[in-house]
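Chain and residue survey
Single-letter residue listing:
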Amino acid sequence: MSELLERLRERNWRMTSQRRVVAEALGGEHVHLTADEVHARAARQLPEISRATVYNTLGELVSLGEVVEVSAHGRAKRYDPNARRPHQHLVCSGCGIIRDVHPTGDPLAGLPAGERFGFTVSEAEVTYRGLCPACAPRRTSPTGQPSTPVAA
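Residues numbered from 1 in each chain as written. Predicted model: local features only at pLDDT ≥ 70, side-chain atom pairs only at ≥ 80, totals over all residues. Heavy atoms only, no water.

**Here's the deal with the overall build of the protein chain**
Counting its secondary structure elements, the protein chain contains four helices and five strands. Starting at the N terminus and walking to the C terminus, you meet the elements of the protein chain as α-α-α-α-β-β-β-β-β. Overall, the C-alpha framework of the protein chain stretches about 55 × 45 × 25 Å when taken along its three principal axes. Of all 152 residues assigned to the protein chain, the portion counted as buried reaches 31%. Long-range contacts, defined as pairs at least 24 residues apart, comprise 46% of the intrachain contacts of the protein chain with a sequence gap of at least 6. For the protein chain, the exposed surface amounts to about 9800 Å²; the carbon and sulfur share of it is 51%. Computed over 19 positive and 17 negative side-chain charges, the inter-centroid distance for the protein chain is 5 Å. (Helix = DSSP H or I, 4+ residues; strand = E, 2+ residues; numbered from the N terminus. Buried < 20%, exposed > 50% of the residue type's maximum accessible area, 1.4 Å probe, protein only. Contact = heavy atoms within 4.5 Å. Areas by Shrake-Rupley, 256 points an atom, 1.4 Å probe, with all protein chains shown as cover. Lys, Arg positive; Asp, Glu negative; His and termini not counted. Charge placed at Lys NZ, Arg CZ, Asp CG, Glu CD.)

**Quick notes on the side chain of Gln88**
Tracing the sequence through the fold places Gln88 in strand S3 (residues 88-92). At 2.7 Å, the side chain of Gln88 forms a polar contact with the backbone nitrogen of Val126. Setting aside its immediate chain neighbours within four residues, Gln88 contacts Arg99, Asp100, Val101, Pro103, Ala124, Glu125, Val126 and Tyr128. (Polar contact = N/O pair within 3.5 Å; in protein donor to acceptor, adjacent residues only side chain to side chain.)

**Remarks on helix H3 (residues 35-45)**
Listed in full, the buried residues belonging to H3 are Ala35, Val38, His39, Ala42 and Ala43. Take H3 and look down its axis: the buried residues cluster within an arc of 130°, on one side only. In this structure, the buried residues of H3 make contact with helix H2 (17-25), helix H4 (51-64) and strand S2 (78-80). (Arc of directions from axis to C-beta.)

**A few points about helix H1 (residues 3-10)**
Among the residues of H1, Leu4, Leu5, Arg7 and Leu8 are the ones counted as buried. Mapping the buried residues of H1 onto a view down its axis gives an arc of 160°, with all of them on the same face. Exposed and facing more than 90 degrees away from the buried side of H1 are Glu3 and Glu10. Residues of H1 that are buried make contact with H2 and H4. At the C-terminal side of H1, Asn12 shows a positive phi close to 60°.

**Structural notes on the pairing of strand S4 (residues 98-101)**
Of the two faces of S4, the one holding Ile98 and Asp100 is buried and the one holding Arg99 and Val101 is not buried anywhere. Pairing geometry for S3 and S4, over four bridges, is antiparallel. Directly across from Val91, in S4, lies its bridge partner Ile98. Two successive antiparallel strands, S3 and S4, enclose a turn made up of five residues, where Gly96 displays a positive phi of approximately 90°. (Pairing = 2+ DSSP bridges.)

**A closer look at the sheet that holds S3**
A sheet is described by the order of its strands in space; here three strands give the open sequence S4-S3-S5, paired in mixed fashion. Every interior strand has two partners, whereas the edge strands, S4 and strand S5 (127-130), have only one. Between one strand axis and the next, the sheet turns by 25° as a mean value, whatever way the strands run. (Axes fitted to C-alpha atoms, helices over the stretch in contact; angles between N-to-C directions.)

**Things to note about the nonpolar core**
Grouped together as the largest cluster of nonpolar side chains are 22 residues, with contacts concentrated most on Val22, Leu26, Val38, Ile49, Leu58 and Leu61. Counting only elements with at least two residues in this core, the list comes to H1, H2, H3 and H4. Leu61 has contacts with Leu8, Trp13, Val22, Leu26, Glu66 and Val67, leaving out every residue within four places of it along the chain. (Core = buried A, V, L, I, M, F, W, Y, C linked by side-chain atoms within 4.5 Å.)

Given below as structure tokens:
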């Protein structure tokens, strides 16, 4: 059973067959699916599930704090079931793939006190953007020629 399903059962969330397949669709590591991707996965198990049911269930899961809605600049919202473990996101500017990352250290350390404008900061949300290994070779150089990644 997925961690999300376990958490929902602990909360005594009413587990209909539609809700169960939506929660199961969100199973796995580094899962950041769009609502349409969740619907496609859920429909493999329950063909009659509607998009409206998927959207409503995702909205409820977000409201419960069991799923995090992730925006990826100009792309469809994605849903992250990793809502319990603090993490940030690494987003590919090419294909839009999203990976969970767990940086060490205080994310506020780089924010000078004068830049906090008197706020008592309770959390920080950081998104790292770049190119994934599949997209990096397709990047072109300023001359229009394909560039190659630099070996580290």
